[in-house]
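The primary structure of each chain is shown beneath.
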Amino acid sequence: MSRVYNFSAGPAVLPEEVLKEAAEEMLDYKGSGMSVMEMSHRSKVYEGIIKAAEADLRELMNIPDNYKVLFLQGGASQQFAMIPMNLMKKKKAAYIVTGQWAKKAFQEAQNYGEAVKVASSEDETFSYIPDCSDLDIPEDADYVYICENNTIYGTKYKTLPNTKGHTLVADVSSCFLSEPVDVSKYGIIYGGVQKNIGPAGVVIVIIREDLITEDTLPGTPTMLKYKTHADADSLYNTPPAYGIYICGKVFQWLKKQGGLAAMKQHNEEKAKILYDFLDESKMFRGTVRKEDRSLMNVPFVTGDKELDAKFVKEAEAAGFVNLKGHRTVGGMRASIYNAMPKEGVEKLVAFMKKFEEEN
Ligand SMILES: Cc1ncc(COP(=O)(O)O)c(C=O)c1O
């Protein structure tokens with residue numbers, strides 16, 4: 001068996017320990033005589049799995065009691081509609097557009113009411129986070145929406161926007177559990193798990209209880225009401241059962257690593273190795289404003305498309321895979337999520353140095 005260093009933006013690298021444990025339990029989960037994949041989501045055994053996953057996530061993120069944790073399907077993209085359907089009571093919301101995913105959410109919201117773009121960084125190809133300290137947020141906006149870490153462009157909010165008392169909704173798909181957060185500052189924090197937490201197919205929504213109501217937009221399907229899932233503890237219908245089980249294992253792994261404060265330190269150390277090299281290199285450079293750099297997604301270029309392609313090809317042959325940048329941006333992108341070991345980043349930088357000397 002040989003494992004590569006996988007720099008994919010998602011689905012992405014998972015902790016090897018978790019994958020090994022899942023392999024060991026594949027045929028017989030703890031004496032049940034079956035795989036978690038084969039088990040009823042209403043069984044006692046599975047109840048234990050989903051309850052433990054939620055409890056561990058609550059502990060890791062220090063989630064206050066007045067928030068519900070929902071394990072849903074439909075990916076992060078389904079939330080682009082579900083959020084306005086459930087929250088746009090006054091038919092108005094403010095969107096800060098800092099990348100493709102924020103833009104998609106903004107566009108989707110227009111199907112349900114007035115989505116107002118209150119700030120954007122599109123003028124400079126989303127290479128920075130706009131100043132959000134004093135935005136012109138409509139008084140009657142139901143919420144303010146952000147994408148907290150921009151997977152494609154590699155930017156992250158270092159301070160949350162001043163929402164002027166409005167509910168904050170954040171897509172944290174690509175920075176989920178990468179550092180401690182103060183959940184109480186948000187109305188909703190949500191993300192697809194396929195980057196930092198588990199296999200594709202699960203989206204986790206952490207939502208303040210007062211936002212869960214019957215009062216959704218007319219025609220909202222039962223499955224797209226937060227209340228449906230909150231009332232049933234994420235078991236209204238068959239949940240993505242196996243995916244939740246793997247997420248639970250990752251939560252356990254994170255606790256063993258020392259929790260989110262330790263993860264933050266680890267992630268800062270890892271990102272520094274790569275950013276320091278990009279700052280000193282004569283060949284490679286980062287593409288975003290330094291103060292807005294993401295700890296998770298690191299885009300970089302040589303400035304020469306052919307050289308970029310040569311780098312990606314040679315890197316792959318050397319065991320550093322999925323370094324090609326997003327199709328809309330070009331260049332390279334190294335996604336260095338929680339499960340990417342420091343050694344992977346050190347080795348990548350050593351490879352980049354060698355490539356620079358040789359080209
Ligand atoms: C920040 C962010 N939001 C949303 C999405 C879309 O996620 P999904 O494919 O789960 O709908 C992605 C996917 O890459 C993402 O990076």
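The following paragraphs examine the structure supplied in this document. Since the structure is predicted, the reported quantities are computational estimates derived from the model, not experimental observations. Chains are numbered independently. Their residues run from 1 in the order of the written sequence. Two thresholds apply to this predicted model, a pLDDT of at least 70 for residue-level local features and 80 or more for giving and counting side-chain atom pairs, whereas whole-chain, interface and lining totals are computed over all residues. Hydrogens and water molecules were not included; the side-chain quantities draw on all heavy atoms of the structure.

**Notes on the nonpolar core**
Counting residues in each nonpolar core, the largest one holds 90 residues, and the members touching the most others are M61, I204, I206, F251, F284 and F311. Helix and strand definitions follow DSSP, with helices as H or I runs of at least four residues and strands as E runs of at least two, each counted in order from the N terminus. Top element by residues in this core is helix 6 (residues 241-256). It accounts for 10 residues. Should any heavy atoms of two residues lie within 4.5 Å, those residues are counted as being in contact. Residue contacts for I206: discarding those within four places in its chain leaves M61, I63, Y67, K68, V69, F176, V183, G187, I188 and I189. Counting residues in each nonpolar core, the second largest holds 35 residues, with A81, A105, Y145 and A230 among its members. Put simply, a nonpolar core is a bunch of buried Ala, Val, Leu, Ile, Met, Phe, Trp, Tyr and Cys residues held in one set by side-chain atoms that sit within 4.5 Å of each other. The buried label applies to any residue whose accessible area, calculated with a 1.4 Å probe on protein chains only, is under 20% of its type's maximum; exposed applies above 50%, and partly exposed to all values in between.

**Quick word on the layout of surface pockets**
In this analysis, the protein atoms alone were mapped onto a 1 Å grid. Cavities are point sets where a 1.4 Å probe fits without being able to get out; pockets are open sets with protein on both sides within 12 Å along at least five of seven lines; lining residues have an atom within 4 Å of a point. Grid points are joined across faces, edges and corners, and a volume is the space filled by probe spheres set on the points. The space that makes up the largest pocket amounts to roughly 390 Å³. Lining of the largest pocket is provided by 19 residues; of these, V13, L14, E16, A339 and P341 occupy positions nearest its centre. Residue assignment for the lining of the largest pocket shows that the elements contributing at least two residues are strand 1 (5-6), helix 1 (16-24) and helix 7 (259-280). Sort the elements by how many residues they give to the lining of the largest pocket and helix 7 lands first, with three residues. Charged means Asp, Glu, Lys or Arg here, nonpolar means Ala, Val, Leu, Ile, Met, Phe, Trp, Tyr, Cys or Pro, and polar covers whatever is left, Gly included. For the lining of the largest pocket, the class distribution of residues is 13 nonpolar, four polar and two charged.

**Here we look at unusual backbone geometry**
The amide bond that connects G10 to the next residue, P11, takes the cis arrangement and shows omega of -10°. Within the secondary structure, P11 is located in the loop between strand 1 and helix 1. A positive phi is found at S234, a non-glycine position, where the angle reads about 65°. You can see S234 is positioned in the loop between helix 5 (226-231) and helix 6. A positive phi is found at N322, a non-glycine position, where the angle reads about 65°. Within the secondary structure layout, N322 lies in the loop between strand 13 (320-321) and strand 14 (332-335). N322 gets classed as partly exposed once you look at its relative accessible area, which sits at 43%.

**Considering the site of the ligand**
Distances are taken per atom, and a residue is near a molecule or strand as soon as one of its heavy atoms is within 4 Å of it. Lining the immediate environment of the ligand, one finds G75, A76, S77, F80, W101, C147, N149, T151, D171, S173, Q194 and K195. N or O atoms closer than or at 3.5 Å make up a polar contact, with two conditions inside protein: a donor-capable atom paired with an acceptor-capable one, and, for residues adjacent in sequence, both atoms drawn from side chains. The backbone of A76 places a nitrogen or oxygen atom 3.0 Å from an oxygen atom of the ligand. Contact between the ligand and D171: a nitrogen atom at 2.6 Å from a side-chain N or O atom of the residue. Every accessible area reported is derived by Shrake-Rupley at a probe size of 1.4 Å, with residue values counting cover from the shown protein chains alone. Contact with the protein chains covers 84% of the free accessible surface of the ligand, which is 400 Å². With four residues, the single largest contributor to the shell around the ligand is helix 3 (residues 75-87).

**With respect to the pairing of strand 8 (residues 167-171)**
Of all five residues in strand 8, five are buried, a share of seventy percent or more. With burial as the criterion, each face of strand 8 is covered, one bearing T167, V169 and D171 and the other bearing L168 and A170. One ladder, built from five bridges, connects strand 5 (residues 143-147) with strand 8; its direction is parallel. Its bridge partner lying in strand 8, Y143 is registered against T167. The rule for pairing is simple: two strands pair if DSSP sees at least two bridges between them. As judged from the three bridges shared by strand 8 and strand 9 (residues 188-192), these two strands associate in the parallel manner. Paired with V169 across the bridge in strand 9 is I188.

**Thoughts on the side chain of T98**
Along the chain, the position of T98 falls in the loop between strand 3 (92-97) and helix 4 (100-109). A distance of 2.9 Å separates polar atoms of two side chains, one belonging to T98 and the other to N150.

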